[in-house]
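An overview of the molecular structure
Listed below, chain by chain, are the residues.
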Amino acid sequence: MNMPYSDAKTLQLNRNRQVNDKKRKQIKVTIKAYLFLLPTILLIMTFSYYPALSAFYYSFTNWDGFQTAKIIGFKNFEIIFTSDEFRRAFLNLFWFSAFNVITALTAPLLVALLIYKVKHAKLQNMYRLLFVFPMVVPGMVTILLWKFILNPDVGLLNSFLAAIGVPDEHLPLWLASMKMALPSLLLVGFPWISGVSVLIYLAGFQSIPVSLREAAIVDGANGTTLFFRIELPLIMSQIKLIMILTIISVLQTFSLQLVLTNGGPANTTTVPGYIMYREAVTNSQMGFACAIGVVLFIMIFILTVINNTFLKSSTEFDQN
């Protein structure tokens, strides 16, 4: 039996009213959520995005941080790309980046693989704790310790060389030598095993399905084949993340140069980040420092895009 027209219309109106009420409730919930997020968004915009965006403007000015900024066009960038000091700084940055990327992709990966291969759960947790525990030590403490180790007069390294018979006149000057200063900074942090990187790699290994490894072993895969054909391709996402974090860290960090060498001797260890700090804090050239920061931002952005474009995991599939 068909429902009367008036009853059907009333039923439809009730359904529409329920739908509209549900939408209004959802809108109210959404508005409340954004109101709770608003203070956080305002703080992020004020203390993170605004300073970063204002740096683009001040990079085209001559500004000491206090007086009115004077527009000077691309003069700051001309200095950056024509100065001998910056040419040396970018060359040093290349060596630091290449070395740190290589060590970040090898030493922590090997340690994570060895921990992953430990079958006993408690023993595996103990090894993981041993390699992660140094993370609680402040980085500055480590740098100061290496400053003592590399001291040419009373340092631990030269004391060891003297103890095994190296004559005093042949002991390296390390940080005080123009030839040895840059390799000495690269030596800092040996054996270059980052606890964060170990945890990231270990998480990647542990996410590999056990059934996949067992099937490969049944098919005759040995340890080397299993690593290069199964495990390594499946942790490519972690490798990509480590590369991005390492590149960003190297391009932004200048603590080694600031504490150990002040960019010397004769600019042999200087990097753009240290020059940016020196110009902003010591010379009060905030506009010039902003220009250096903009150049570093562009470099990080380009390298990140290249990394995401060309380094893909076998478990990442295009949606198109």
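Residues numbered from 1 in each chain as written. Predicted model: local features only at pLDDT ≥ 70, side-chain atom pairs only at ≥ 80, totals over all residues. Heavy atoms only, no water.

**Describing the nonpolar core**
With 37 residues, the main nonpolar core has Ile 80, Phe 96, Leu 260 and Ile 292 as its most contacted residues. Elements with a contribution of two residues or more to this core: helix 2 (75-82), helix 3 (84-104), helix 6 (139-149), helix 8 (181-187), helix 12 (236-252), helix 13 (255-261), helix 14 (272-282) and helix 15 (286-310). In terms of residue count, helix 15 provides more of this core than any other element does, 7 residues in total. Excluding residues that lie within four positions of it along the chain, Ile 80 makes contacts with Phe 86, Phe 90, Phe 288, Ala 291, Ile 292 and Val 295. The next biggest cluster of nonpolar side chains, apart from the first, holds 23 residues, and it includes Tyr 116, Leu 202, Phe 227 and Leu 234. (Core = buried A, V, L, I, M, F, W, Y, C linked by side-chain atoms within 4.5 Å. Buried < 20%, exposed > 50% of the residue type's maximum accessible area, 1.4 Å probe, protein only. Helix = DSSP H or I, 4+ residues; strand = E, 2+ residues; numbered from the N terminus. Contact = heavy atoms within 4.5 Å.)

**A few points about the packing of helix 14 against helix 15**
Running from amino to carboxyl end, helix 14 crosses helix 15 at an angle of 160°, the nearest separation of the two axes being 8 Å. In terms of axis orientation, helix 14 runs roughly antiparallel to helix 15. Of the two possible hands of crossing, helix 14 and helix 15 adopt the one that is left-handed. Contact residues: Pro 272, Gly 273, Ile 275, Met 276, Glu 279 and Ala 280 in helix 14; Met 286, Phe 288, Ala 289, Ile 292, Gly 293 and Leu 296 in helix 15. Considering only residue class, the contact of helix 14 with helix 15 consists of 9 nonpolar, 2 polar and 1 charged. (Axes fitted to C-alpha atoms, helices over the stretch in contact; angles between N-to-C directions. Parallel < 35°, antiparallel > 145°, perpendicular 65-115°, else oblique. Left-handed = near helix turned anticlockwise from the far one by under 90°. Nonpolar A, V, L, I, M, F, W, Y, C, P; charged D, E, K, R; others polar.)

**Concerning the layout of surface pockets**
One number sums up the size of the largest pocket: a volume of about 1400 Å³. A per-element tally of the lining of the largest pocket places helix 3 first, with 6 residues. Looking at the lining of the largest pocket, its residues break down into 27 nonpolar, 13 polar and no charged. Size it by volume and the second largest pocket reaches roughly 350 Å³. Around the second largest pocket, the lining comprises 16 residues; the ones closest to its centre are Ala 52, Gln 252, Gly 293, Val 294 and Phe 297. (1 Å grid on protein atoms, 1.4 Å probe; cavity = no way out; pocket = protein on both sides within 12 Å on 5 of 7 lines; lining within 4 Å. Points joined across faces, edges and corners; volume = space filled by probe spheres on them.)

**A short note on the pattern of salt bridges**
Applying the stated criterion to the full structure yields 5 salt bridges. Taking the shortest distance from any N to any O, the salt bridge between Glu 279 and Arg 278 comes out at 3.1 Å. Here Glu 279 falls in the buried class, since its relative accessible area comes to 10%. If you follow the salt bridges from partner to partner, you end up with Glu 85, Arg 278 and Glu 279 in one network. (Salt bridge = Lys/Arg side-chain N within 4 Å of Asp/Glu carboxyl O.)

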